[in-house]
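# Close look at the chain arrangement
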Amino acid sequence: MSAPRGAVPAGSRGRPGQLFGRGLAGLLGGAAGVAVAQLVAAATRPQAGPLVAVGSAVVDAAPTPVKEFAVQTFGTYDKPVLLGGIGLLLAAFAVLTGLLAARRPTVGAVGAVLFGLVGAAAALTRPAAGPADLLPSAAGAVVAAIVLHRLPRRAVGAGRSGPAPFGAGPDRTTEGASGPGGVEPSSPPAPDVAAPEPQAAGATRRHFVRAATVVAGGTVLTGTAGYLLTQIRNRDAARSRQTVMLPAAARPAEPLPADVQPGFHTPNAEFYRVDTALTVPRLDVDDWRLRIRGRVDRPVELRFTDLLRRELVERDITLNCVSSEVGGPYVGTARWLGVPLAPLLREAGIQTGADQVVARSVEGMTIGTPVETVFDGRDAMLAVGMNGEPLPYEHGFPVRMLTPGLYGYAGACKWLTELELSTFDDFDAYWVRRGWAARAPVKTASRIDRPAPFARLSGGPVRVAGVAWAQRRGIRAVEVQVDGGRWQPATLAPVPSSDTWVQWRYDWRASTGTHTLRVRAVDGGGEVQTGQRAAPFPSGATGWHTVSVTVG
């Protein structure tokens with residue numbers, strides 16, 4: 001009797017060649033599904049692609065310590081690492097599905113459906129999701145189901161030939177009519193475990209290789225089409241940004257003092273980026289709208305051109321991320337151009353009791369800003385320009401909110417689309433729900449930029465230099481300590497306002513040996529920066545930045 005249709009013969013279940021073929025079939029099925037899903041996402045909404053949607057859901061669900069570990073360990077590479085990890089898990093799942101589907105074809109369909117459900121569920125949980133976000137994962141699941149239902153079974157037959165297909169050893173049922181020592185076997189081999197004729201086995205192998213090649217080629221073509229479509233969309237978005245002509249500021253920034261050193265402004269390409277967006281939103285200014293709603297008397301909707309018609313101000317402002325450790329890199333200064341926020345909110349008519357401005361980005365991020373920080377005289381603005389050009393996409397084009405003196409998670413929403421007047425009692429913004437402080441004034445901090453940690457220096461005069469900041473309060477003094485000795489005053493460069501960092505320098509006569517350099521700042525109110533070490537969570541890191549160097 002012959003084996004049932006779709007069953008795997010007993011003599012061919014564990015050969016390395018068969019396992020390789022089945023695993024390869026599963027991997028190709030998973031890759032085909034992802035490629036189709038990403039193509040559909042590129043044609044509809046890139047954030048709805050299963051990799052990005054699942055990755056975003058993982059970011060949202062990850063505990064704060066895990067997020068902090070990712071930022072501190074991988075820095076700006078945390079997003080590629082996350083997407084790569086999700087891709088590896090998906091590949092492992094696809095391989096396992098292929099191994100099981102060879103024996104039970106329904107497993108392939110079940111695995112594909114599971115893939116589609118996870119992707120669709122993740123896409124629909126995103127704040128800006130719509131019904132169309134189901135399409136990428138659904139299309140990918142259909143394609144994966146077809147491949148996983150058919151290709152693994154072809155791999156079974158391809159691994160059953162006599163002369164070592166896929167690396168398999170010889171089939172013992174064909175060694176001869178005699179058993180060991182020439183003894184006749186007690187019974188003939190079962191028909192369902194006998195090896196096929198070499199010609200049939202070779203044809204089966206060729207069929208599997210041909211089918212696998214077709215699937216692989218289709219996957220590559222589909223993936224390439226998705227990539228090209230994404231590039232076309234990005235190019236169109238870039239044209240939208242290139243059409244923006246920023247008007248001159250009605251209130252331009254003061255020229256920088258003559259003694260300011262090079263590097264006071266951070267170039268756009270070097271400005272830190274910390275956010276949860278796995279793909280950078282690329283908005284068209286013609287489609288962009290800003291709504292002001294909530295506890296206001298007169299809800300407002302503005303176009304980008306409406307903002308540009310208003311009075312624009314230009315200011316030098318330092319931004320820093322609460323995730324930065326002591327001496328960390330997530331701080332930068334730029335010359336921002338924007339619309340003052342206070343007049344806009346006054347025109348909308350803030351109702352009594354509203355104490356929080358909830359800013360929402362196009363991908364659903366929420367940032368909660370105290371209302372009083374908009375009206376206390378600081379230059380809170382809706383920024384449209386950065387260092388003389390429209391905002392880069394990575395930094396919030398076309399419009400981002402900016403609130404000097406607050407950490408970014410509490411006052412600097414990128415890709416802004418909505419401002420809702422609310423209260424802290426009624427609504428917790430994204431990071432507040434995860435345990436971060438609701439009100440987040442920047443703490444006094446200082447950093448040694450030169451010499452670098454563990455640098456090897458020559459003896460004699462050494463320039464020690466860095467930056468210090470305490471936005472809204474300003475920096476009154478910076479002091480440097482060498483090897484635990486007395487604190488020595490550093491020289492401060494002039495600054496345009498209290499909302500920027502201060503460049504400082506200290507001339508040190510270095511002697512041979514290993515030395516420890518430490519820095520602290522004194523803010524404009526006379527308060528000395530604390531030396532007590534604290535992690536960034538929940539309201540910003542504290543402590544003195546310390547650098548060890550060796551002088552030869």
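The following refers to the structure shown. Nothing here was measured: the structure is a model prediction, and the numbers come from that model.

Per the secondary structure count, the protein includes 10 helices and 19 strands. Taking all 552 residues of the protein together, the buried fraction comes to 48%. About 25,500 Å² of surface is accessible on the protein, with carbon and sulfur atoms providing 58% of the total.

Looking now at the packing of aromatic side chains. Following the criterion strictly, the structure yields 10 aromatic pairs and no others. Note on Tyr430 and Trp431: the rings are 4.9 Å apart at their centroids and 80 degrees apart in plane angle, and the pair reads as edge-to-face. Overall, the relative accessible area of 5% leaves Tyr430 in the buried class. In this structure Trp431 comes out as buried when scored by relative accessible area, which is 18%. Both rings, one in Trp436 and one in Phe537, keep their centres 5.0 Å apart while their planes meet at 85 degrees; by these two values the pair is edge-to-face. Remark: Phe537 occurs in the loop between strand E18 (513-523) and strand E19 (545-551) and Trp436 occurs in the loop between strand E10 (416-422) and strand E11 (445-450); sequence separation between them is 101 residues.

Here we take up the nonpolar core. By size, the foremost hydrophobic cluster in this structure holds 76 residues, and its most contacted members are Trp336, Leu382, Met401, Leu416 and Leu419. Residues in contact with Leu416, not counting those within four places in the same chain, are Trp288, Leu290, Ala359, Arg360, Ser361, Leu382, Val399, Arg400 and Met401. Ranked by size, the runner-up nonpolar core spans 22 residues in total, among them Leu457, Val464, Ala470 and Val551.

Another aspect to go through is unusual backbone geometry. With an omega of 10 degrees, the peptide bond running from Phe397 to Pro398 counts as cis. Its place among the elements puts Pro398 in the loop between strand E8 (389-390) and strand E9 (400-402). Here Phe537 and Pro538 are connected by a cis peptide whose omega angle stands at 10 degrees. Among the secondary structure elements, Pro538 is positioned in the loop between E18 and E19. Positive phi, normally seen in glycine, also occurs at Phe454, with a value near 65 degrees. In this structure, Phe454 sits in the loop between E11 and strand E12 (456-457). Even without being glycine, Arg472 reaches a positive phi, approximately 80 degrees. Overall, the relative accessible area of 32% leaves Arg472 in the partly exposed class.

Turning to the environment of Pro496, a few remarks are in order. Inspection of the secondary structure puts Pro496 in the loop between strand E16 (491-492) and strand E17 (502-510). On the basis of relative accessible area, Pro496 is assigned to the partly exposed category, the value being 29%. Each C-alpha atom of the pair Pro496 and Asp316 lies 7.4 Å from the other, and the pair is 180 residues apart in sequence. Apart from residues lying up to four places away in sequence, Pro496 is in contact with Leu256, Pro257, Phe264 and Asp316.

Time to look at the sheet that holds E10. Working definition: the strands of a sheet are paired by backbone hydrogen bonds and lie parallel or antiparallel to each other. As summarised here, the arrangement of the five strands in space is E2-E1-E10-E5-E6, forming an open sheet in which the pairing is mixed. Strands with a single pairing partner mark the edges of an open sheet, and in this sheet they are strand E2 (300-303) and strand E6 (366-370). Strand-to-strand twist of the sheet, defined as the mean angle between neighbouring strand axes without regard to direction, takes the value 20 degrees. Where strand E1 (residues 289-294) meets E10, four bridges bridge the pair, whose relative direction is parallel. When the sheet's bridge partners are listed, Ile292 is paired in E10 with Leu419. Contacting E1, E2, strand E5 (356-361) and E10, helix H9 (residues 341-348) runs over the sheet at an angle of about 55 degrees to E1.

Glancing now at a nonpolar patch on the surface. Nonpolar side chains collect at one region of the surface, where Phe69, Phe74, Tyr77 and Val81 lie side by side and expose about 430 Å² of accessible area between them. Along the chain, the position of Phe74 falls in helix H3 (residues 64-74).

With that out of the way, let us pick up the pattern of salt bridges. Applying the stated criterion to the full structure yields 26 salt bridges. The shortest N-O distance in the salt bridge between Asp133 and Arg45 comes to 3.0 Å. Taken together, the residues span a long stretch of sequence, with Asp133 in the loop between helix H5 (106-124) and helix H6 (135-158) and Arg45 in the loop between helix H1 (16-43) and helix H2 (50-61) at a distance of 88 residues. For Asp133, a relative accessible area of 5% gives the class buried.

In this section: a positive patch on the surface. A surface patch of like charges, here positive, comprises Arg150, Arg154, Arg206 and Arg210. Of all the secondary-structure elements, those providing two or more residues to the positive patch are H6 and helix H7 (198-242). Along the polypeptide, Arg210 turns up in helix H7. A relative accessible area of 49% places Arg210 in the partly exposed class.

Tracing the backbone through its elements, the reader meets Ser324 in the loop between strand E3 (313-320) and strand E4 (331-340). Beyond its immediate sequence surroundings of up to four residues, Ser324 is in contact with Pro329, Tyr330, Pro536 and Ala541.

In the case of a regular strand, side chains alternate between the two sheet surfaces. Most of E6 is tucked away, with five of its five residues classed as buried. Both faces of E6 are covered, namely the face carrying Thr366, Gly368 and Pro370 and the face carrying Ile367 and Thr369. Pairing analysis gives five bridges linking E5 to E6, with the strands arranged antiparallel. Bridge assignment links Val357 to a residue of E6, and that residue is Thr369. Two successive antiparallel strands, E5 and E6, enclose a turn made up of four residues, where Gly364 displays a positive phi of approximately 100 degrees.

Right, let's talk about the packing of helix H4 (residues 78-101) against H5 for a bit. Running from N to C, H4 and H5 point in directions that differ by 160 degrees, and their axes come no closer than 8 Å. Between H4 and H5, the angle is such that the two are roughly antiparallel. As H4 packs across H5, the resulting crossing turns out to be right-handed. Each of Leu90, Phe93, Thr97, Leu100 and Ala101 in H4 lies in contact with H5, whose residues at this interface are Val107, Gly108, Gly111, Leu114 and Phe115.

All right, on to the pairing of E18 then. Pairing of strand E14 (residues 475-482) with E18 involves seven bridges; the strand directions are antiparallel. Each bridged residue has a counterpart across the sheet, and for Val480 the counterpart in E18 is Val519. Bridge count for E18 against E19 is seven bridges, and the pairing is antiparallel. Looking at the pairing, Gly513 lines up with Val551 of E19.

Parameters and conventions
- Residues numbered from 1 in each chain as written.
- Predicted model: local features only at pLDDT ≥ 70, side-chain atom pairs only at ≥ 80, totals over all residues.
- Heavy atoms only, no water.
- Helix = DSSP H or I, 4+ residues; strand = E, 2+ residues; numbered from the N terminus.
- Buried < 20%, exposed > 50% of the residue type's maximum accessible area, 1.4 Å probe, protein only.
- Areas by Shrake-Rupley, 256 points an atom, 1.4 Å probe, with all protein chains shown as cover.
- Phe/Tyr/Trp six-rings, centres within 6.5 Å; stacked < 30°, edge-to-face > 60°.
- Core = buried A, V, L, I, M, F, W, Y, C linked by side-chain atoms within 4.5 Å.
- Contact = heavy atoms within 4.5 Å.
- Pairing = 2+ DSSP bridges.
- Axes fitted to C-alpha atoms, helices over the stretch in contact; angles between N-to-C directions.
- Patch = residues over 30% accessible without salt bridge, like charges linked within 9 Å, V, L, I, M, F, W, Y side chains within 5 Å.
- Salt bridge = Lys/Arg side-chain N within 4 Å of Asp/Glu carboxyl O.
- Lys, Arg positive; Asp, Glu negative; His and termini not counted.
- Charge placed at Lys NZ, Arg CZ, Asp CG, Glu CD.
- Parallel < 35°, antiparallel > 145°, perpendicular 65-115°, else oblique.
- Left-handed = near helix turned anticlockwise from the far one by under 90°.

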